[in-house]
Amino acid sequence: MTKHDDFLARIAAQSERENGTDTGGERDLADRAALRRVGSLSTQLTDITEVEYRDLQLERVVLVGVWSTGTAEDAEASMTELARLAETAGSVVLESLSQRRRNPDAGTYIGSGKVRELGEVVEMTGADTVICDGELSPGQLRNLEEQLKVKVVDRTALILDIFAQHAKSKEGKAQVELAQLNYFLPRLRGWGVALSRQRGGRVASGAGIGSRGPGETKLEIDRRRIHRRIAQLKTELAAMRQVRDTKRSQRRANAVPAVAIAGYTNAGKSSLLNCLTEAGVLVEDSLFATLDPTTRKTTTTDGRLYTLTDTVGFVRHLPHQLVESFRSTLEEIADADLVVHVIDGSDAHPEDQVVAVREVLKEIDAAQVPEIMVVNKIDAADEITLGRLRHLLPQAVFVSARTGEGIAELRGVIAGALPDPALRIDVLVPFHQGALVSRVHAEGTVLTEEHTAEGTLLQAKVYPALAGALHDYRVLAVNE
Ligand SMILES: Nc1nc2c(ncn2[C@@H]2O[C@H](COP(=O)(O)OP(=O)(O)OP(=O)(O)O)[C@@H](O)[C@H]2O)c(=O)[nH]1
Ligand SMILES: [Mg+2]
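On a predicted model such as this, the values are computed, not experimentally measured, just so you know.

### Some thoughts on helix H5 (residues 112-125)
Note that an α-helix has 3.6 residues per turn; residues three or four places apart therefore point the same way. The terminal C-alpha atoms of H5 lie 20 Å apart, and with 14 residues this matches the ideal 20 Å at 1.5 Å per residue to within 8%. Looking one or two residues past H5, glycine 126 carries a phi angle of roughly 75°, positive in sign.

What follows is the structure in structure tokens.
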């Protein structure tokens, strides 16, 4: 069973199980799969029967891009990243082509002459898939496929596929599925064509939207099924979001400052979290290794508690469907007191990554959160790039999560940038309230401690919640 079939089967099974309505489910799927495989009939039948869930079993791929702005080097960097993404998704890149054009062709993305050339490359290399560097319209994808006779996917579908492969938690999986469905919905093959053809006759004869029944095409059934699944996923995500919100507001109530680690994918965000907190989070030389945020408590060198959250990485043109569905996860960043923006110093163009990350931060309303720039991987970076970055980002901290260089300095910079809501208290805690003394030690900073006949005399800095609990035991400080 291909991933495509599997994906459809999952949706069908789910909607039937949960809604108790059979829309032709299994039989439908089998029919569709059968039709898909009758190669000689496919041109005739595709536009009304084939659902365009992309089967992204990408094996042997040819990449193609349109280079419309920027330098040749930028264009090359973009194609290199596309290759990296393709490999992360599990494919072998056979060839990479790009065309210089003012704008992508409205019909075929690259120019029609280039399509022929690309066709030759596909044939020569024996590729089974072409990946385009952009988000293509359903029409562009279909035209290219018809002319090239191989599967054509765009960058957005590729990134969605990587996310689908990497999603682990229930929330992550639901978020990715929602993004995929929103991407696929307008790309149900032949959607426009099939409907207008079918509706044409009926509208002309006085019927219209809402009056279709028995003549309904499979495509519409698929579409309804997807809509239902989207609604269901949204409900599930809303419930999970509540849990996340509650956790976050608990942290807020305890006035523990929150720091979010954000940055380009593979910049070393998880490595930094591990380095700063011994979190043991998965670190991988792979794009989008982290999808689920991990939060760990840690303390500054002067003993103040704060949380550090590792988040999903960003990429140039992060598909908006993903930004939308990952919104609750990304709110961890927008809601933080401080963003640690990690930059991969060993990348050829870290500046471009910074621009891409800032764009996403803006999109998720996190642009106003105070930010510390951290250039990571200085052990592997070349001096020229580092020099450029030092000049460009004079405030940045330069570190290596691998060697530990600069980490102590980073801790200091984080500590300095954290809000300090702690209150100075002077209390005399009776012995029977020993638990409160323990809490001051655990949650606050003890300045002086003295055991007297009446209890423990403490001078300390604590967060407001604990200060409230100690309210009854306040004493006037000698020097006040
Ligand atoms: N040389 C070097 N490699 C590093 C350093 N920090 C991280 N890496 C490597 O960079 C790769 C990515 O690290 P991660 O910590 O997984 O990066 P990430 O930003 O969490 O990546 P995603 O979760 O995929 O977005 C891994 O192979 C790490 O070993 C560093 O300071 N120096
Ligand atoms: Mg990570």
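### Here we look at unusual backbone geometry
The phi angle at histidine 317 is positive, at roughly 50°, despite the residue not being glycine. Of note, aspartate 365 is a non-glycine position whose phi angle comes to about 60°, a positive value. Here aspartate 365 is to be found in the loop between helix H14 (350-363) and strand E9 (371-376). By the C-beta count within 10 Å, which is 14 here, aspartate 365 ends up partly exposed.

### Notes on the UniProt feature "coiled-coil region" (unreviewed entry) in the protein
Taking the UniProt record as the reference, the feature "coiled-coil region" (unreviewed entry) is found at residues 223-250. The span residues 223-250 is 100% helix and 0% strand, and its two end C-alpha atoms sit 40 Å from each other.

### Points about the site of ligand 1
Of all residues adjacent to ligand 1, which total 23 residues, the nearest are Gly268, Ser270, Asp285, Thr290 and Gly313. Among the elements that make up the shell around ligand 1, the one with the highest residue count is helix H11 (residues 269-277) (three residues). Split into classes, the residues belonging to the shell around ligand 1 amount to seven nonpolar, ten polar and six charged.

### Considerations on the domain arrangement of the protein
One frequently used descriptor of interface size is the decrease in accessible area upon assembly of the parts. Examined at the domain level, the protein breaks down into domain 1 (3-225), domain 2 (255-417) and domain 3 (423-473). Residue-level contacts link 21 residues of domain 1 with 19 residues of domain 2. Mapped by element, the contributors of at least two residues to the side of domain 1 that touches domain 2 are helix H4 (72-88), helix H7 (155-166) and helix H8 (170-184). Counting residues per element, the side of domain 1 that touches domain 2 draws most heavily on H7, at seven residues.

### Here we look at the packing of H4 against H7
Where H4 contacts H7, the axes come no closer than 9 Å and their chain directions differ by 40°. Of the possible angle classes, the one that applies to H4 and H7 is oblique. As for the relative orientation of H4 and H7, their crossing is left-handed in sense. Contact with H4, carried on its side by Leu82, Leu85, Ala86 and Thr88, involves Arg155, Leu158, Ile159 and Ile162 of H7 and no other residues of that element. Residue composition of the contact of H4 with H7, grouped by class: six nonpolar, one polar and one charged.

### Side note on the sheet that holds strand E12 (residues 445-451)
In space, the three strands of this open sheet follow the order E11-E13-E12, with antiparallel pairing throughout. Each of the sheet's edge strands pairs with one partner strand only, and the pair in question is strand E11 (423-429) and E12. Going across the sheet, the axis of each strand differs from the next one's by a mean of 10°, ignoring polarity. Relative to strand E13 (residues 456-462), E12 is paired through six bridges, and the arrangement is antiparallel. Its bridge partner lying in E13, threonine 445 is registered against lysine 461. Against the sheet, helix H17 (residues 434-443) touches E11, E12 and E13, its axis set at about 35° to E13.

### Quick word on the pairing of strand E2 (residues 92-100)
The pairing of strand E1 (residues 60-67) with E2 spans eight bridges and is parallel. The residue of E2 that forms the bridge with leucine 63 is serine 96. Following the backbone out of E1, through H4 and into the adjacent parallel E2, one traces a crossover that is right-handed.

Reading the values: the criteria
Residues numbered from 1 in each chain as written. Chains lettered and ligands numbered in written order. Predicted model: local features only at pLDDT ≥ 70, side-chain atom pairs only at ≥ 80, totals over all residues. Helix = DSSP H or I, 4+ residues; strand = E, 2+ residues; numbered from the N terminus. Expected span 1.5 Å × (residues − 1). Buried ≥ 20, exposed ≤ 12 C-beta atoms within 10 Å, placed from the backbone. UniProt positions renumbered as here; feature names shortened; annotations may be inferred. Near = placed C-beta within 6 Å. Nonpolar A, V, L, I, M, F, W, Y, C, P; charged D, E, K, R; others polar. Domains from an automatic or database assignment. Contact = placed C-beta atoms within 7 Å. Axes fitted to C-alpha atoms, helices over the stretch in contact; angles between N-to-C directions. Parallel < 35°, antiparallel > 145°, perpendicular 65-115°, else oblique. Left-handed = near helix turned anticlockwise from the far one by under 90°. Pairing = 2+ DSSP bridges. Right-handed = clockwise from strand over helix to strand, strands pointing away.

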